[in-house]
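# Overview (structure and organization)
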Amino acid sequence: MVEKIYVTYNDVHKLCQEAAPKLLETVKPQLMIAIGGGGYVPARILRSFLKQPGSPNIPIQAIGLSLYESLPTSDDQVVEEPGTKVTRTQWLDLSALGEMGNLVGKRVLIVDEVDDTRTTLEYAVKELEKDVELAREKFGGDKTEFSIFVLHNKDKEKKGVLPTEMHTSGRYHAARTVGDVWICYPWEATDIDEHDRLGAEQKAAGNLNQQYATQQ
């Protein structure tokens, strides 16, 4: 039986609110790139808490990457397990961005819901860095600084690798680190009332993996 924890919209909202001051202090993002579909909701909530008085909202771009595949379990449930290859389903919207050169020299925050095997995040960082570096060679300008925010980092061996300086310079942020469990997010729920009920039951029982969940 796969161990699951249920995260509610209120949980997501509060994690983003909690993380925003540190992101403003260390990252100061000028653009967010949400990895779909799990990064969409956190990015939108973050934007509200990252907005500074007298400044416009931080633009949000979206990219679509798929790594998970649905697999049946012995008890006839269907769960998603990490696949082996990242599939690019959507990339930056240049009609809104203008051109890739507009990312050159910017502070960009990549947002996703979970750092599981790290394969998707590795792909996103490498591909975005490659595209922006090509634009920088064409247009000139300073190097673009990419950072990462996830709601949850799973404490497990990672298959993907992120740039060392992303960790050492404080550009990797996880609101919580949890064990290697299956995290059920509210936007995946087919019955949101049941999802919230299960989440409330877990909180009441102190069973939200909180025994070893840590704040980054």
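Structure first, text after, so check above.
As a starting point, this report considers the structure included with it. For every chain, the first residue of its written sequence is number 1, and the numbers climb from 1 along that sequence. Only residues with pLDDT of 70 or above have their local features reported here, since the model is predicted, and side-chain atom pairs are shown and tallied only from 80 upward, although totals for entire chains, interfaces and linings are computed over all residues. The side-chain figures draw on all heavy atoms in the structure; neither hydrogens nor water molecules are used.

This part covers the overall build of the protein chain. Strands here are runs of E lasting at least two residues and helices are runs of H or I lasting at least four, both read from the DSSP assignment and numbered beginning at the N terminus. A count of helices and strands for the protein chain gives six helices and nine strands. Each residue is assigned to one of three classes by its accessible area relative to the maximum for its type, calculated with a 1.4 Å probe on protein chains only: buried under 20%, partly exposed between the two thresholds, exposed over 50%. Taken across its 216 residues, the protein chain has 45% of its residues classed as buried. Within the protein chain, contacts between residues separated by at least 24 positions form 78% of all contacts whose residues are at least 6 apart in sequence. Only carbon and sulfur atoms are counted for the fraction: they give 48% of the accessible area of the protein chain, which is about 11200 Å². The contact rule is simple, with two residues in contact once any of their heavy atoms fall within 4.5 Å. For accessible areas, the Shrake-Rupley method is used with a probe of radius 1.4 Å. Any residue's cover is judged against the shown protein chains and nothing else.

This paragraph deals with helix H6 (residues 192-204). Taking 1.5 Å of rise per residue, 13 residues should cover 18 Å, and H6 covers 18 Å from first to last C-alpha, within 8% of that figure. When we look at burial in H6, the residues that qualify are His-195, Gly-199 and Gln-202. Down the axis of H6, the sector holding all buried residues measures 60°, keeping them to one side. In H6, the exposed positions angled more than 90 degrees off the buried face are occupied by Asp-193 and Ala-204. Here, expected helix span is obtained from the residue count minus one, scaled by 1.5 Å. Working definition: the arc comes from the directions between the helix axis and the C-beta atoms, pointing outward to the latter.

Residue Gly-36 is joined to Gly-37 through a cis peptide bond whose omega torsion reads 0°. Along the chain, the position of Gly-37 falls in the loop between strand E2 (31-36) and helix H2 (40-50). Despite not being glycine, Lys-28 shows a phi value in the positive range, around 50°. Turning to its location among the elements, Lys-28 is positioned in the loop between helix H1 (9-26) and E2.

Here we come to the pattern of salt bridges. When a carboxyl oxygen of Asp or Glu is within 4 Å of a side-chain nitrogen of Lys or Arg, the pair counts as a salt bridge. One pass over the full model with this rule turns up 13 salt bridges. The partner of Asp-115 in a salt bridge is Arg-118, and the shortest N-O contact between them spans 2.8 Å. A single burial state applies to Asp-115 and to Arg-118, both of which are buried. Note that Glu-133 is salt-bridged to Arg-136, the shortest N-O span being 3.2 Å. Of the two residues, Glu-133 and Arg-136 both sit in helix H4 (residues 119-139), three residues apart, roughly one turn of that helix. Here Glu-133 falls in the partly exposed class, since its relative accessible area comes to 29%. Residue Arg-136 is classed as partly exposed on the basis of its relative accessible area of 25%.

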